[in-house]
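Chain residues, written in single-letter form:
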Amino acid sequence: MTPNPKYSGLQTDLYELTMAAGYLETGFDARATFELFVRSLPPRRNYLVAAGLDQALDFLENVNFTDEEIAYLRTFPVFSDIGNNFFEYLSRFRFTGDVWAMPEGTIFFPGEPVLRVTAPVIEAQLVETFLLAAINFQTMIASKAARVTQAADGKNVIEFGTRRAHGMESGVLAARAAVIGGCLGTSNAAAGHQFGISVYGTQAHSWVMAHEDEEEAFGKFLDIFPGQAVLLVDTYDVHTAVEKIISMGRKPRGVRLDSGDLAADSKWIRERLDRAGWENVIIFASGDLDEDRIASLLAEGACIDGFGVGTALVTSSDSPTLGVIYKLVEIEFRGEVRSAAKFSSAKVTYPGKKQVYRFIGPDGHFAHDIIGLEGEHYPHAETLLIPVMAGGERSVPRANLDDVRERCRDQKSRLPEPLLSLSGDTASYPVRHSEGLEGLLGEVRRRMERAARI
């Protein structure tokens, strides 16, 4: 068993390893640049929120192969004719490349590189799978959370979904990504400990059901948590439960609804609590919520102060895939730099090291983006990619999630209004390639056509 499994070099696809062996065996000692981007927006998304960079950088700083892992690879039939050089190389393997990336919380669009890796080609190839997984998952969840929190219209949203996540690691990382997208906190204690996220929780129906009656269950919880108790009132009958709490004369911090007619019940509860003089007792709602349900509840006038969102958030249930890709854009071999592009039908990729240039309108809103070559000069534009790793060492501090959430919130406020629609109506943001980039693509295409005729 590797002592640090989350940094294991085996967290890759086999074909990355076979290509690595091929590069080494043939002496292809090149330096390569790969870029990671999304080809198209998934359904019901008008923008995406970059997330997962911290975990990507952690992996790049620490990735290695243990002796046991290398011995395991030696048993693969595909490596039966590979000499010791490859396995000795793996025993010394460390990532030594440079990385540029969009800071987490940045809003971006299809075609725009979120991350760029320049490294010896074997290194850049072996880390592909992990980088795709890290950026894909958290970006998908952060983008969903941005929609959910927008629907909540300033009311607090807590991520409640670990029990429905695709494994515990996904639950922890989903909590992190949800905060980036705007959630106030999580129910996951491990995520709170690992990332400094605020942790929230109330009580389950089982607490109420385990006691002889609701009054006993509520009373004991108030005894234990006098200043923090949020009481679950829909185990049996909402109105009866609320009346019992009021008759006890012991004001809780809040009450939670997890089922039933959330709009009608919340309005009744608010009126009843206010009549009792408990105007500052909050009403919290959960139970199969998503952005559509939250928006509908608020439109109905629901008196809900905060929402717990689980399954729909941690699985991004309406759009559970993102399609992040990682493509070679430049190769340097024996002093010659050659731009690389892909020309297959519907999957053209642009060559060269790129930068994303964002232009701001006079009203402070985003106006349009240009994907251009690194080094192009647009004096009135913001550049979105920044250096985050040099020589295999992180060159930026670890992300502060409060700052990252604020970056996302600020950028959402600067989006053109049509992009904030939750209805699923497609609204496109103007992104174009620079003339220099289009020219380089043409040069590479002509070079490939000449080579094909030879």
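Residues numbered from 1 in each chain as written. Predicted model: local features only at pLDDT ≥ 70, side-chain atom pairs only at ≥ 80, totals over all residues. Heavy atoms only, no water.

## So, the overall build of the protein
Working step 1: Looking only at helices and strands, one finds 16 helices and 19 strands in the protein.
Working step 2: C-alpha extents for the protein along the principal axes are approximately 90 × 55 × 35 Å.
Working step 3: In the protein, which comprises 454 residues, the share counted as buried stands at 51%.
Working step 4: Residue pairs in contact within the protein that sit at least 24 positions apart in sequence constitute 74% of those at least 6 positions apart. (Helix = DSSP H or I, 4+ residues; strand = E, 2+ residues; numbered from the N terminus. Buried < 20%, exposed > 50% of the residue type's maximum accessible area, 1.4 Å probe, protein only. Contact = heavy atoms within 4.5 Å.)

## A closer look at the sheet that holds strand S17 (residues 386-390)
Working step 1: In spatial order, the strands read S13-S12-S1-S5-S3-S17-S18; together these 7 strands make up an open sheet with antiparallel pairing. In this open sheet, the two edge strands, each paired with only one partner strand, are strand S13 (336-339) and strand S18 (393-394).
Working step 2: In terms of strand pairing, S17 meets S18 through 2 bridges, oriented antiparallel. Counted as the bridge partner of Ala390 is Glu393 from S18.
Working step 3: With respect to the sheet, helix H6 (residues 128-151) is in contact with strand S1 (31-38), strand S5 (115-120) and strand S12 (324-333), its orientation differing from that of S12 by roughly 140°. (Pairing = 2+ DSSP bridges. Axes fitted to C-alpha atoms, helices over the stretch in contact; angles between N-to-C directions.)

## Quick look at the layout of surface pockets
Working step 1: Considered as a void within the structure, the largest pocket measures approximately 590 Å³ in volume.
Working step 2: Lining the largest pocket we find 23 residues, and of these Phe160, Arg163, Arg256, Asp258 and Ser286 sit closest to its centre.
Working step 3: Among the residues making up the lining of the largest pocket, the classes are represented as 6 nonpolar, 12 polar and 5 charged.
Working step 4: When its volume is computed, the second largest pocket comes out at roughly 490 Å³.
Working step 5: Lining the second largest pocket are 19 residues, with Gln55, Phe130, Ala134, Glu169 and Leu173 positioned closest to its centre.
Working step 6: Those elements that provide at least two residues to the lining of the second largest pocket are helix H2 (53-62), H6, helix H7 (168-180) and helix H8 (189-195).
Working step 7: It is H6 that contributes the most residues to the lining of the second largest pocket, 6 residues altogether.
Working step 8: Its residues assigned to classes, the lining of the second largest pocket comprises 9 nonpolar, 6 polar and 4 charged. (1 Å grid on protein atoms, 1.4 Å probe; cavity = no way out; pocket = protein on both sides within 12 Å on 5 of 7 lines; lining within 4 Å. Points joined across faces, edges and corners; volume = space filled by probe spheres on them. Nonpolar A, V, L, I, M, F, W, Y, C, P; charged D, E, K, R; others polar.)

## Looking at the sheet that holds strand S19 (residues 431-433)
Two orientations exist for strands paired in a sheet by backbone hydrogen bonds: parallel and antiparallel.
Working step 1: Strand order in the open sheet formed by 4 strands is S16-S14-S15-S19, and the pairing between neighbours is mixed. The open sheet terminates on both sides in strands that have one partner only, identified here as strand S16 (381-383) and S19. Ignoring which end each strand starts from, the neighbouring axes of this sheet average 25° apart.
Working step 2: Contacts from helix H16 (residues 435-453) reach strand S14 (354-360), strand S15 (366-373) and S19 within the one sheet, and its direction differs from that of S15 by about 35°.

## With respect to the side chain of Glu112
Working step 1: Summarising the element assignment, Glu112 is placed in the loop between strand S4 (107-108) and S5.
Working step 2: Every residue in contact with Glu112, bar those within four places of it in the chain, is listed here: Leu36, Phe37, Met102, Val356, Arg358, Asp369, Ile371 and Val431.

## Let's talk about unusual backbone geometry
Working step 1: Within the chain, Arg44 stands out as a residue other than glycine whose phi angle is a positive 65°.
Working step 2: Mapped onto the elements of the fold, Arg44 is located in the loop between S1 and strand S2 (48-49).
Working step 3: Residue class for Arg44 comes out partly exposed when judged on its relative accessible area of 25%.
Working step 4: At Ser316, a residue that is not glycine, the phi angle is positive and equals roughly 45°.
Working step 5: Tracing the chain through its elements places Ser316 in the loop between helix H14 (311-314) and S12.

## Let's talk about the packing of H2 against H6
Two quantities define a packed helix pair, namely the angle between the helix axes and the distance between the axes.
Working step 1: Closest axis-to-axis distance for the H2/H6 pair is 8 Å, and the angle between their directions is 160°. Between H2 and H6, the interaxial angle falls into the category roughly antiparallel. Seen from above, H2 lies across H6 with right-handed handedness. On H6, the residues touching Leu53, Gln55, Ala56, Phe59 and Leu60 of H2 are Phe130, Leu131, Ala134, Ile135 and Gln138. (Parallel < 35°, antiparallel > 145°, perpendicular 65-115°, else oblique. Left-handed = near helix turned anticlockwise from the far one by under 90°.)

## A word on empty space enclosed by the protein
Working step 1: Counted by the stated rule, this structure contains 2 cavities of 30 Å³ or more.
Working step 2: Reported here for the largest cavity is a volume of approximately 60 Å³.
Working step 3: Taken together, the residues of the lining of the largest cavity sort by class into 4 nonpolar, 4 polar and 3 charged.
Working step 4: Size it by volume and the second largest cavity reaches roughly 40 Å³.

## Examining the pattern of salt bridges
Working step 1: All told, the structure shown has 32 salt bridges when counted by the stated rule.
Working step 2: Between Glu374 and Arg116 there is a salt bridge, with the nearest N and O atoms lying 2.8 Å from each other. With Glu374 in the loop between S15 and S16 and Arg116 in strand S5, the pair connects residues that are 258 residues apart, well separated along the chain.
Working step 3: Taking the relative accessible area as the measure of exposure, Glu374 reaches 38% and is therefore partly exposed.
Working step 4: Classification of Arg116 as buried rests on a relative accessible area of 2%.
Working step 5: One salt bridge connects Glu291 with Lys144, and the closest N-O pair in it is separated by 2.7 Å. Taken together, the residues Glu291 in helix H13 (residues 291-299) and Lys144 in helix H6 connect sequence positions 147 residues apart. This pair shows no difference in class: Glu291 is buried, exactly as Lys144 is.
Working step 6: Among the ionic contacts, a cluster of salt bridges with common partners joins Arg44, Arg45, Lys144, Arg147, Glu291, Asp292 and Asp318. (Salt bridge = Lys/Arg side-chain N within 4 Å of Asp/Glu carboxyl O.)

Read these as spatial facts, not as claims about activity.
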